[in-house]
Amino acid sequence: MPLGSEKAALMGAAASASYDIELLVVAGGSGGGASTGCPSCQGGAGGGGAGGIRHEAAQEVDSGEDYVVIVGTGGGGGGGNYPGYTGGNSSFIGGSVSIIGTTGGGGGRPGPGGFSGGDGGSGGGDGRNSTGTGGSGNSGSFSPVEGYDGGNSAASGSGGSGGGGYTAVGVRSTTTTG
């Protein structure tokens, strides 16, 4: 008997069945920026954006198909006076299903200076005292959106918040630090 024929014999000649499943694919979020080594910058880094989210309420899958699931990692925080690292993409692929491109959130940039937040599934927050803006969300251009824009920083105070995945735009901080 050829190798693999036992599996075929056990499965018989049964036709594959289709099922509707609820599917949630979430990419890794990004790390926030860092502002060490700059005494006037403490607390001024922007927050990392959430990973992009894709939701399918009734995704059809077939029992006879193989599916590959990739879960994106979260991004690490920035060191020194650098932005955080972006998160990894996540995906669900197989048969006629291809849900990919759920980009990780953009890294929050440190302040001061014109450091905008990074783009991603949800954008990273803007750095303190920056003339930049929060990063753009929904970089995969999905509908409905996979995430939202990062927030802008306060003129003086903490950095902007990262954008929310599937919820809302990041908001400007109203507290001041140092």
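Look up a bit, the structure's there.
Trainee: Is there a simple way to think about the overall build of the chain in this case?
Mentor: Helix and strand content of the chain: one helix and five strands. Reading the chain from its N terminus to its C terminus gives the helix and strand order α-β-β-β-β-β. When the 178 residues of the chain are sorted by exposure, 42% land in the buried category. In the chain, of all internal contacts separated by at least 6 residues, the share reaching a separation of at least 24 is 55%. Surface accessibility of the chain: about 8900 Å² in total, with carbon and sulfur atoms responsible for 55%.

Trainee: Can you walk me through the packing of aromatic side chains in this structure?
Mentor: Note on aromatic pairs: each is described by the distance of the centres and the angle between the planes. Here the structure, examined in full by the defined rule, presents one aromatic pair. Here Tyr67 and Phe92 contribute two aromatic rings whose centre-to-centre distance is 5.3 Å and whose plane-to-plane angle is 20 degrees, an arrangement assigned as stacked. One end of the pair, Tyr67, is in the loop between β2 (53-62) and β3 (68-70); the other, Phe92, is in strand β4 (residues 90-94), and 25 residues separate them in sequence. Here Arg54 stacks its cationic end above the ring of Phe142, 3.8 Å away from the centre of that ring.

Trainee: Would you explain the environment of Glu56 in this entry?
Mentor: Within the element layout of this structure, Glu56 appears in strand β2. A relative accessible area of 26% means that Glu56 is categorised as partly exposed. For the pair Glu56 and Glu22, spaced 34 residues apart in the sequence, the C-alpha separation amounts to 5.8 Å. Glu56 has contacts with Ile21, Glu22, Leu23 and Ile99, leaving out every residue within four places of it along the chain.

Trainee: Which parts of the structure should I look at to understand the pattern of salt bridges?
Mentor: When charged atoms on two side chains of opposite charge get close, those side chains can pair. With the rule as written, the count across this model stands at one salt bridge. With its nearest N and O atoms 4.0 Å apart, the salt bridge here joins Glu56 to Arg54.

Trainee: For this particular structure, what's the right way to read the environment of Ser91?
Mentor: One can find Ser91 in strand β4. Sequence separation of Ser91 and Ala27 is 64 residues, and the distance between their C-alpha atoms is 8.1 Å.

Trainee: Help me out: how do you make sense of a nonpolar patch on the surface in this one?
Mentor: On the surface, a cluster of nonpolar side chains totalling about 240 Å² of accessible area is made up of Val68, Ile70 and Ile93. Examined against the element boundaries, Val68 turns out to sit in strand β3.

Trainee: What is the right way to read the pairing of β4 from this model?
Mentor: Every other side chain in a regular strand lies on the same face of the sheet, so the side chains alternate between the two faces. Counting buried positions over the five residues of β4 gives four, a clear majority of the element. Pairing geometry for β3 and β4, over three bridges, is antiparallel. Of the residues in β4, the one forming a bridge with Val69 is Phe92.

Trainee: Can you walk me through the nonpolar core in this structure?
Mentor: General note: in soluble globular proteins, nonpolar side chains tend to be found buried as a group. Counting six residues, the largest nonpolar core consists of Leu23, Val25, Val61, Phe92, Val97 and Ile99. When residues of this core are traced back to their parent elements, those giving at least two are β1 (18-26) and β5 (97-102). Once residues within four sequence positions are removed from consideration, Phe92 is found in contact with Ile21, Leu23, Val25, Val61, Tyr67, Val68, Val69, Val97, Ser98 and Ile99.

What counts, and where the lines are drawn
- Residues numbered from 1 in each chain as written.
- Predicted model: local features only at pLDDT ≥ 70, side-chain atom pairs only at ≥ 80, totals over all residues.
- Heavy atoms only, no water.
- Helix = DSSP H or I, 4+ residues; strand = E, 2+ residues; numbered from the N terminus.
- Buried < 20%, exposed > 50% of the residue type's maximum accessible area, 1.4 Å probe, protein only.
- Contact = heavy atoms within 4.5 Å.
- Areas by Shrake-Rupley, 256 points an atom, 1.4 Å probe, with all protein chains shown as cover.
- Phe/Tyr/Trp six-rings, centres within 6.5 Å; stacked < 30°, edge-to-face > 60°.
- Lys NZ or Arg CZ within 6 Å of the ring centre and 35° of its normal.
- Salt bridge = Lys/Arg side-chain N within 4 Å of Asp/Glu carboxyl O.
- Patch = residues over 30% accessible without salt bridge, like charges linked within 9 Å, V, L, I, M, F, W, Y side chains within 5 Å.
- Pairing = 2+ DSSP bridges.
- Core = buried A, V, L, I, M, F, W, Y, C linked by side-chain atoms within 4.5 Å.

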